[in-house]
Amino acid sequence: FRGIIRDITERKNTEELLKQSEEKYRLLAEHVKDQVWLMDLDLNITYISPSVEKLMGYTLDEFKQIAVDKLLTTSSYQKAFDICAVEMPNVMADADYAIDRLIELELIRKNGQTLCLECAFNFIRDEKGNILSILGKGRDITERKQIEDSLRKSEENFRHSFDDSPLGVRIATAKGETIYA
């Protein structure tokens, strides 16, 4: 009778640590309200957080079938394309370069509704600095944009009511300084 015995304790411990790490990651991904997604260099979506599925109404498999230009309004697609044209040479030339601005994009949900997302992008690189994928992060700002639009319209109505008034109107501070005339 012959046998080989190997101590696999280290491998089992490593597997358990990996399992615990994956569970923590899944818990985090499932409960974050902001949207997170990964795209390959051809702009194909390879991962979406559960919050993206809830917000957009598509599953990951459906996202993989849809081209980016179908997820964005025409003006947002053009904006994203223009920003990429400006930023990509910097990203390619400098492994430490990060796009350091928020971009407001309008997306089209599965049900056809449009929503506004404030987005940021980073790049996942290998140890040599080569770009492996694009990390997108977004926050739904649709309600904020609607409130801003409502305030803008209210301000326009207010201004028009005074500008079109046959009476002279002056708004002043408590000290008598004219704010509007």
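This one's a predicted model, so the numbers in the text were calculated from it and none came from an experiment.

Enquirer: Pulling in residues and values, what's your account of the confidence of the model for the protein?
Expert: On average, residues of the protein carry a pLDDT of 87, and 97% of them reach 70 or more. Looking across the protein, the model is least confident in helix α1 (residues 9-31), with a mean pLDDT of 78, and most confident in strand β3 (residues 103-108), with 95.

Enquirer: Talk me through the layout of surface pockets; I want residue IDs and the actual numbers.
Expert: Counted as a void, the largest pocket has a volume near 590 Å³. Lining the largest pocket are 30 residues; nearest its centre among them are W37, M39, V68, L72 and F121. Looking at the lining of the largest pocket, the elements with two or more residues in it are β1 (35-39), β2 (45-48), α2 (50-56), α4 (68-71), α5 (74-93), β3 and β4 (114-125). Top contributing element to the lining of the largest pocket by residue count: α5, with seven residues. The residue inventory of the lining of the largest pocket, partitioned by class, reads 29 nonpolar, one polar and no charged.

Enquirer: Summarise the state of the cysteines; cite the residues concerned and give the values.
Expert: The full count for this structure, using the stated rule, is zero disulfides. No disulfide involves C84; its sulfur sits 11 Å from the nearest other cysteine sulfur, which is in C119. Here C84 falls in the partly exposed class, since its relative accessible area comes to 39%. Considering cysteine sulfurs only, C116 is the nearest to C119, which forms no disulfide, with 8.2 Å between them.

Cut-offs applied
Residues numbered from 1 in each chain as written. Predicted model: local features only at pLDDT ≥ 70, side-chain atom pairs only at ≥ 80, totals over all residues. Heavy atoms only, no water. pLDDT = per-residue confidence, 0-100. Helix = DSSP H or I, 4+ residues; strand = E, 2+ residues; numbered from the N terminus. 1 Å grid on protein atoms, 1.4 Å probe; cavity = no way out; pocket = protein on both sides within 12 Å on 5 of 7 lines; lining within 4 Å. Points joined across faces, edges and corners; volume = space filled by probe spheres on them. Nonpolar A, V, L, I, M, F, W, Y, C, P; charged D, E, K, R; others polar. Disulfide = S-S within 2.5 Å. Buried < 20%, exposed > 50% of the residue type's maximum accessible area, 1.4 Å probe, protein only.

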